[in-house]
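Chain residues, written in single-letter form:
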Amino acid sequence: MYINVTQKARPMFRSYPSVDDPDTAKALARANPLYSWHASYFTSQHRRVVGFINDASGLFIVVPNVTAADYPHLQKSFEEQLTRQFRQLGMTHQQVNQYLQRAGQWQINKTVDRSIVGKLTTKMSWAKSLVGSSMPQMIRALLGIQGADYSATTFANLPTWQKPTPTATQSPAQKLKLQNAIQQLRYISEHSDELLASPPFNTQINKIQQQSDALIAAFVDANRSQLSPKTIRRHRDRLTRYLNYLSETLETIFSADALDLEAALYDGYSFSEMLQTKTALKKFYRFLADQRLIGGDEWLRIKERLAAELQDGDPNKELNEVMSFVNNYHTSLPREAEELLKSYGAACANLYGLISCDQLYRIMAQQNPDVELVPGQLIDWFEKHFNRQRDDFVVSDVMEVPSIIHPTVYDQRVEENLLSRQIGIPYYLPAKNELLKYQDPAYFADTGRLKKYQTALHKFVGVPQDQLVGWSNIAWQRQNKYFLQKETDLLHDLNEEMSDAGYVCPSQEKVEKWLSALFDLLNNNRLWINRGHTPNEARQLGSIIEPLRKRKRLSPKMVKNIKAARLDPMDIMLALSILDDFTKKQTKQIEDQVADLPILRLD
């Protein structure tokens, strides 16, 4: 049984054997989804709750109350919970045992399907509301929210383990075209010395680039359903640039020095770019092997050679540091742009809880047309500050998307939970002067309601004048931090803290008047889960999810909001990975719509 674990959850599974070859395991998991599960966790009441989702059926299992001492026993706990859920579906003990025996012992791998990770994240956010229920209640509730008609036959009629199929099939004409490209590239590689002795080389260079482009195009088509559009674009761009670079000296993918990646570092390529090129080349050669365009032994030699490349770090590091110092004025993010980035990062973290770096860039560019914002400089700044704790915000990945995160969200490891609730909601985007006021974590825009609540605290609860600001801030600031909990939890904790401090409403009438002012304040508070909209505004707002489901394409309103930086196009991609309502053709059409939008992007 393959357990495909998110990065943050990997330490919990160290007691179990990891797969020998992640790529082979990924292919086997895709070929045998009934015996493959994705796993992650969330934290509740200082304990971890581990969630598992079956790749084939979407069946969701939770193992609650997990501590570090329980990590070596996770498989046993998982099988116990799975047995309970199977029994609830009507399966016999014999059928349950047959499934567990056929699936086999755990083998741990990294995640293999982004869409399943998205579904897992969504279901874990639902499961949080069930924490504290008895196990039978939790199982019944989970089966109720699974979103599919599960039956005993789903897991009782067990297929044998299947061998992985090639990543894509080619028509005979396409196959012949690719084989011809391979033959021409091999010929040029084998006769490069002769060709170099007979300039000019333009014809041969064009031929190399033409045949390489044909192979890259086939590689891209074969991976559209496996990788995100952003990842595909990065692989395509890195492969195209590197293979064009090789062609300038009549080298091809089969030349002896084609895999000498370090050589490119001395010709202007950055170390990070060549690391990305290395990843793209590995997937590219693997594709050629899957299509039987290169032999298995050749692929293994190439794979071994690639693994040894760039292992010693950047040989130009010291020189780059000196040149960076000398050229700092030209290559670093200018001071004005950096100060602007810090201001917007803090403001958006306080207002939204989290926001993608791409979306932050679009907002900054839209509101500051006179400030030059160079994508490469911004990317370098984000990479330099990646996962570094700051007082105002943190730069880190959320569902593999580089993002700006509020420190509270980052510290509690609830980024994915927050994003799963935000997906599809447009941003509240005020004018620049108003937006930047949110750099101050104590800024509350509706001063009238805030003063009204402070008056209620003083008049009905007895809070002295010099403490009104502190107690009123506690109420609305904590509302954001309680987004994973019930409103009654916020009221209970707030009332308990005030009582401990000696502030108690003396009558039911005053309690009701205090609560009326409190609810008025909270219903007009700008919340992370609403992307800065108040609860009153959010009731009229709506999400893009249902319109996208119905139309199967972007609506003019969605396009307008994306162009106005009120909607993050990444929401569309995440929604497509979570929802099951779209055919592959519809998904590709929507992805192409998003990719063709004339908007700013960091890469």
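Below, the structure is looked at part by part. (Residues numbered from 1 in each chain as written. Predicted model: local features only at pLDDT ≥ 70, side-chain atom pairs only at ≥ 80, totals over all residues. Heavy atoms only, no water.)

1. Concerning helix 29 (residues 569-578)
Selection criterion: Exposure classes here rest on a 1.4 Å probe applied to the protein chains alone. A residue is buried below 20% of its type maximum, exposed above 50%, and partly exposed in between. Helix and strand assignments come from DSSP, with helices taken as H or I runs of at least 4 residues and strands as E runs of at least 2, each series counted from the N terminus. Polar contacts, as used here, are pairs of N or O atoms within 3.5 Å; protein pairs need one atom able to donate a hydrogen and one able to accept it. Residues neighboring in sequence count only if both atoms are side-chain atoms.
Along helix 29, 10 of the 10 residues are buried, which leaves the element largely enclosed by surrounding structure. Within helix 29, the full set of buried residues consists of Pro-569, Met-570, Asp-571, Ile-572, Met-573, Leu-574, Ala-575, Leu-576, Ser-577 and Ile-578. Where helix 29 begins, one side-chain oxygen reaches toward the backbone nitrogen of Met-570, 2.9 Å away; that side chain belongs to Asp-568.

2. Concerning the pattern of salt bridges
Let me state the cut-off plainly: Criterion for a salt bridge: a side-chain nitrogen of Lys or Arg within 4 Å of a carboxyl oxygen of Asp or Glu.
Scanning all chains against the criterion turns up 21 salt bridges. Of the charged contacts, one joins Asp-21 and Lys-303 as a salt bridge, the two residues approaching to 2.9 Å between their closest N and O atoms. Of this pair, Asp-21 sits in the loop between strand 1 (2-5) and helix 1 (22-31) while Lys-303 is found in helix 13 (residues 296-308), placing the two residues 282 residues apart along the sequence. The exposure class assigned to Asp-21 is partly exposed, which follows from its relative accessible area of 22%. Between Asp-520 and Arg-449 there is a salt bridge, with the nearest N and O atoms lying 3.1 Å from each other. Within this pair, whereas Asp-520 is found in helix 25 (residues 508-522), its partner Arg-449 is found in helix 22 (residues 447-461), the two being separated by 71 residues in sequence. With relative accessibility at 22%, the residue Asp-520 sits in the partly exposed group. You can call Arg-449 partly exposed: its relative accessible area is 29%. If you follow the salt bridges from partner to partner, you end up with Asp-446, Arg-449, Lys-452 and Asp-520 in one network.

3. Focus: the pairing of strand 4 (residues 60-66)
Just so we agree on the cut-off: Between any two strands, at least two bridges found by DSSP are needed for them to pair.
Most of strand 4 is tucked away: 5 of the 7 residues are buried. Looking at chain direction, strand 3 (residues 47-54) and strand 4 are connected through 5 bridges and run antiparallel. Counterpart to Gly-51 in the pairing with strand 4 is Val-62. Counting the residues in the hairpin turn of strand 3 and strand 4 gives 5 residues, including Gly-58, whose phi is positive at 80 degrees.

4. Some points on the packing of helix 22 against helix 23 (residues 468-481)
What counts here: Between the N-to-C directions of two axes lies an angle of 0 to 180 degrees, each axis being a line fitted to C-alpha atoms and, for a helix, fitted only over the stretch in contact. We call a crossing left-handed when the near helix sits turned anticlockwise from the far one by less than a right angle, and right-handed when that turn is clockwise. Only heavy atoms enter the contact rule, under which two residues are in contact if any of them lie within 4.5 Å.
For the pair helix 22 and helix 23, interaxial distance at closest approach is 10 Å and the crossing angle is 115 degrees. Between helix 22 and helix 23 lies a crossing of right-handed hand. Across the interface between the two elements, Leu-450, Tyr-453, Gln-454, Leu-457 and His-458 of helix 22 pack against Leu-468, Val-469, Trp-471, Ser-472, Ala-475 and Trp-476 of helix 23.

5. Considering helix 1
Those residues of helix 1 not exposed but buried are Ala-25, Ala-27 and Ala-29. Tucked into the core, helix 1 has its buried residues touching strand 1, strand 2 (36-44) and strand 5 (107-110). One side-chain oxygen at the N-terminal end of helix 1 lies 3.1 Å from the backbone nitrogen of Asp-23; it belongs to Asp-21.

6. Points about the nonpolar core
Here is the rule we go by: Nonpolar cores are built from buried Ala, Val, Leu, Ile, Met, Phe, Trp, Tyr and Cys residues. Side-chain atoms within 4.5 Å join them into one set.
Leu-215, Tyr-242, Ile-253, Phe-284, Tyr-285 and Leu-288 are the most contacted members of the largest nonpolar core, which totals 45 residues. Elements supplying a minimum of two residues to this core: helix 7 (172-190), helix 9 (202-223), helix 10 (229-247), helix 11 (261-265), helix 12 (271-290) and helix 13. For this core, the element with the most residues is helix 12, which contributes 9 residues. Not counting the four nearest positions on each side in its chain, Leu-215 is found in contact with Leu-178, Ala-181, Ile-182, Leu-185, Ile-253, Phe-284, Phe-287 and Leu-288. In terms of nonpolar packing, the next biggest core, distinct from the first, is built from 35 residues, Trp-381, Tyr-443, Ala-565 and Leu-602 among them.

7. Some points on the sheet that holds strand 5
Strand order across the open sheet formed by 5 strands is 4-3-2-1-5, with mixed pairing between neighbours. Strands with a single pairing partner mark the edges of an open sheet, and in this sheet they are strand 4 and strand 5. Going from strand to strand, the sheet's axes swing by 30 degrees on average, the running direction of each strand aside. Sheet topology places strand 1 next to strand 2; 4 bridges connect them, and they run parallel.

8. Regarding the environment of Gln-162
Assignment of secondary structure puts Gln-162 in the loop between helix 6 (152-156) and helix 7. In this structure Gln-162 comes out as partly exposed when scored by relative accessible area, which is 39%. Sequence spacing of Gln-162 and Asn-32 is 130 residues, and the spatial spacing of their C-alpha atoms is 6.1 Å. Setting aside residues up to four positions removed in sequence, Gln-162 forms contacts with Leu-28, Ala-31 and Asn-32. Reaching out from Gln-162, the side chain makes a polar contact with the backbone oxygen of Thr-160 at a distance of 2.9 Å.

9. A word on unusual backbone geometry
Of note, Asn-65 is a non-glycine position whose phi angle comes to about 55 degrees, a positive value. The phi dihedral of Arg-413 is positive, around 55 degrees, even though this residue is not glycine. Checked against the element boundaries, Arg-413 lands in the loop between helix 19 (407-411) and helix 20 (415-422).

10. Digging into the packing of helix 7 against helix 9
Here is the rule: Just so you know how the angles are binned, under 35 degrees is roughly parallel, over 145 roughly antiparallel, 65 to 115 roughly perpendicular, and the rest oblique. Put simply, Ala, Val, Leu, Ile, Met, Phe, Trp, Tyr, Cys and Pro go in the nonpolar bin, Asp, Glu, Lys and Arg in the charged bin, and everything else, Gly too, in the polar bin.
As a packed pair, helix 7 and helix 9 sit with axes 9 Å apart at the nearest point and diverge in direction by 140 degrees. On the basis of the axis angle, helix 7 is oblique to helix 9. Of the two elements, helix 7 crosses helix 9, and the hand of that crossing is left-handed. Every residue of helix 9 that contacts helix 7 at Lys-177, Leu-178, Asn-180, Ala-181, Ile-182, Gln-184, Leu-185 and Ile-188 is listed here: Gln-204, Lys-207, Ile-208, Gln-211, Ser-212, Ala-214, Leu-215 and Ala-218. Taken together, the residues of the contact of helix 7 with helix 9 break down into 9 nonpolar, 5 polar and 2 charged.

11. Some thoughts on the sheet that holds strand 6 (residues 354-356)
Taken in spatial order, the 3 strands line up as 6-8-7 in an open sheet, and their pairing is antiparallel. The open sheet terminates on both sides in strands that have one partner only, identified here as strand 6 and strand 7 (394-398). Direction aside, the axes of adjacent strands within the sheet are offset by 40 degrees on average. Note: strand 7 against strand 8 (residues 401-405), 5 bridges, orientation antiparallel. Residue pairing for strand 8: Val-398 is matched across the bridge by Val-401.

12. Digging into empty space enclosed by the protein
Left-over empty space is what a probe sized like a water molecule reveals as it rolls over the atoms. What counts, and what does not: Within this scheme a cavity is a closed region of a 1 Å grid, computed over the protein atoms alone, that accommodates a 1.4 Å probe without allowing it to escape, whereas a pocket is open but has protein on both sides within 12 Å along at least five of seven lines; lining residues each have an atom within 4 Å of a point. Grid points are joined across faces, edges and corners, and a volume is the space filled by probe spheres set on the points.
According to the stated counting rule, one finds 1 cavity of 30 Å³ or more in the structure shown. Broken down by secondary-structure element, the contributors of at least two residues to the lining of the largest cavity are strand 6, strand 8 and helix 29. Counted by class, the lining of the largest cavity contains 8 nonpolar, 2 polar and 3 charged residues.

13. As for the packing of aromatic side chains
Heads up, the condition is: Only Phe, Tyr and Trp rings take part, Trp by its six-membered ring, and two of them pair if their centres are within 6.5 Å. Stacked means planes under 30 degrees apart, edge-to-face means over 60, and tilted covers everything else. Look at NZ for Lys and CZ for Arg. If either is within 6 Å of the ring centre and within 35 degrees of the ring normal, a charge sits over the ring.
Going through the model one piece at a time under the given rule, you end up with 22 aromatic pairs. Measuring from ring centre to ring centre gives 5.2 Å for Trp-37 and Phe-78, while their planes differ by 85 degrees; the resulting arrangement is edge-to-face. Of this pair, Trp-37 sits in strand 2 while Phe-78 sits in helix 2 (residues 74-88), placing them 41 residues apart in sequence. Neither residue differs from the other here; Trp-37 and Phe-78 are each classed as buried. Taken together, Phe-13, Tyr-16, Trp-37, Phe-52, Phe-78 and Trp-106 form an aromatic cluster joined through their ring pairs. A cation sits over an aromatic face here: Lys-8 above Tyr-41, 4.7 Å from the ring centre.

Worth remembering: the numbers are spatial, not functional.
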